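Structural features, examined
Spelled out from the first residue to the last, the chains are:
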Amino acid sequence: MNENQNNIQYYDDEIDLRELIMALWKRKKMIIAFTLAVAILAASFSMFILSPVYKTSLDIIISMPEIYNTRYGEYKLPITTNEQYINLISSDDVLINTIKDMNYDTEEISVENLNKRIAVIASNTKANTVQNSFTVTVSADNPEESHKLAKSLFENYIEFLDVMVKERAINHYINLFSVELMALQNTLDVEKETLSKNEELLSQTPKVINTKSNVEIQSPLNDESNYIIPIETANPNYIKIENDIIQNKQSINSIESSINKTMEYIEELNVEKQAVSKYYKNGRTEKLETSVIGIVENNVYLASQPAIPTQKSSPNNSLNTIIGAVLGGMVGVMAALFMEYWFKKENN
């Protein structure tokens, strides 16, 4: 009995599947029409509505040191990883200056819009290795604009890093030397006060100590004629104070020399700080000229010059057409089944 029921069920399923296939075949023209219609719409939208996108790649190498030497001493850079350096390529200052150089309308292209057209990819994928190679892609509507935008972005990025590092170094050393100058001045005041006290004490201290002792001297010419001279002993306290005064004067000379050198550094750094302020005030129309050694250009550079893209990155017209055809076919199949089911119920 159970075996007969299974056979009947299997037979019913086979008939339903056959009816399903026959229903789709019956409305094959409608399914094909849906497929072609949506495919044509997707292709038209991709070719005529969507804007083409061209990407220019920048292969950037970063090997910034943790510490670098200047004529004012060693300076420890505040940024510690190459990832932090490359992320600054999309900072507001870089993007604002790039928009200005590209003569973009700020109402049409904002910092946020331009940022969306920039993508950063780390080229190194090995574990436990320092990332120093990065690929930055820049997108635009045409290949020439994409290439120009990429070059402008990199130039502004290098300039931004260079000014940032120099400005931070200048401010660091101005603060450092200002504190050192205050400490040296306090030390000098203490030494001068000590010197004054020692000089006053020296003036009140006798050079020798009279011990009231005599020494008998015998003349070699006449053994019988002797004479006696008094002996005065040098005062050790006087000698000690005299040595202290000499050390005080030497310390004062050394401290004054250090103060003069520190003041010279501060004056130079203030001139450098004024140059940075002028650079910002003039809207960076001129390159920043400072005596602080620049390390950015030698440690952040392009592995190769960017090339003008020859093919657009998106949209992919073929892929969009295929996707449209698949979606159209699915809609056509669903419509065919719905119509078959609907009319079948009405006939019943």
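Points about the side chain of Asn-198
As for its placement among the helices and strands, Asn-198 is situated in helix H6 (residues 143–203). With relative accessibility at 13%, the residue Asn-198 sits in the buried group. If we ignore the near neighbours within four places in the chain, the residues touching Asn-198 are Ile-241, Asp-244, Ile-245 and Asn-248.

With respect to the pattern of salt bridges
Under the defined criterion, the tally for this structure stands at eight salt bridges. Its salt-bridge partner being Glu-268, residue Arg-71 comes within 2.2 Å of it at the nearest N-O pair. With Arg-71 in the loop between strand S2 (67–70) and strand S3 (73–76) and Glu-268 in helix H7 (residues 236–281), the pair connects residues that are 197 residues apart, well separated along the chain. Between Lys-240 and Asp-244 there is a salt bridge whose closest N-O contact spans 2.8 Å. Here the residue Lys-240 and the residue Asp-244 both occupy positions in helix H7, the gap between them amounting to four residues, near one helical turn.

With respect to a nonpolar patch on the surface
On the surface, a cluster of nonpolar side chains totalling about 550 Å² of accessible area is made up of Leu-319, Ile-322, Ile-323, Val-326, Leu-327 and Met-330. Its location among the elements puts Ile-322 in helix H9 (residues 317–347). Here Ile-322 falls in the exposed class, since its relative accessible area comes to 52%.

Brief notes about the pairing of strand S5 (residues 133–140)
Extensive coverage of S5 is indicated by the burial of eight of its eight residues. A two-sided burial pattern is seen for S5, the buried positions comprising Ser-133, Thr-135, Thr-137 and Ser-139 on one face and Phe-134, Val-136, Val-138 and Ala-140 on the other. As paired strands, strand S4 (residues 118–122) and S5 are joined by five bridges and run antiparallel to one another. Bridged to Val-120 within S5 is Val-136.

Structural notes on unusual backbone geometry
Despite not being glycine, Asn-103 shows a phi value in the positive range, around 60°. Within the element layout of this structure, Asn-103 appears in the loop between helix H4 (92–101) and helix H5 (111–116).

Digging into H7
Compared with an ideal rise of 1.5 Å per residue, which puts 46 residues at 68 Å, H7 spans 66 Å between its outermost C-alpha atoms and is within 8% of the ideal. Positive phi appears at Gly-283, one or two residues downstream of H7, with a value of about 70°.

With respect to the packing of H4 against H6
One can describe the packing of H4 onto H6 by two numbers: an axis separation of 9 Å at closest approach and a directional angle of 135°. Classed by the angle they form, the pair H4 and H6 counts as oblique. Pair H4 / H6 crosses with right-handed handedness. On H6, the residues touching Asp-93, Val-94, Leu-95, Asn-97, Thr-98 and Asp-101 of H4 are Leu-149, Ser-152, Leu-153, Asn-156, Tyr-157 and Phe-160. Residue classes in the contact of H4 with H6 are distributed as six nonpolar, four polar and two charged.

As for the sheet that holds strand S8 (residues 300–302)
Taken in spatial order, the four strands line up as S4-S5-S1-S8 in an open sheet, and their pairing is antiparallel. Every interior strand has two partners, whereas the edge strands, S4 and S8, have only one. The sheet shows a mean angle of 30° between the axes of neighbouring strands, taken without regard to direction. Bridge count for strand S1 (residues 54–62) against S8 is three bridges, and the pairing is antiparallel. Along S8, the bridge assignment pairs Ile-61 with Tyr-301. The strands that H6 touches are S1, S4, S5 and S8; relative to S1, the one it contacts most, it runs at about 25°.

Reading the values: the criteria
- Residues numbered from 1 in each chain as written.
- Predicted model: local features only at pLDDT ≥ 70, side-chain atom pairs only at ≥ 80, totals over all residues.
- Heavy atoms only, no water.
- Helix = DSSP H or I, 4+ residues; strand = E, 2+ residues; numbered from the N terminus.
- Buried < 20%, exposed > 50% of the residue type's maximum accessible area, 1.4 Å probe, protein only.
- Contact = heavy atoms within 4.5 Å.
- Salt bridge = Lys/Arg side-chain N within 4 Å of Asp/Glu carboxyl O.
- Patch = residues over 30% accessible without salt bridge, like charges linked within 9 Å, V, L, I, M, F, W, Y side chains within 5 Å.
- Areas by Shrake-Rupley, 256 points an atom, 1.4 Å probe, with all protein chains shown as cover.
- Pairing = 2+ DSSP bridges.
- Expected span 1.5 Å × (residues − 1).
- Axes fitted to C-alpha atoms, helices over the stretch in contact; angles between N-to-C directions.
- Parallel < 35°, antiparallel > 145°, perpendicular 65-115°, else oblique.
- Left-handed = near helix turned anticlockwise from the far one by under 90°.
- Nonpolar A, V, L, I, M, F, W, Y, C, P; charged D, E, K, R; others polar.

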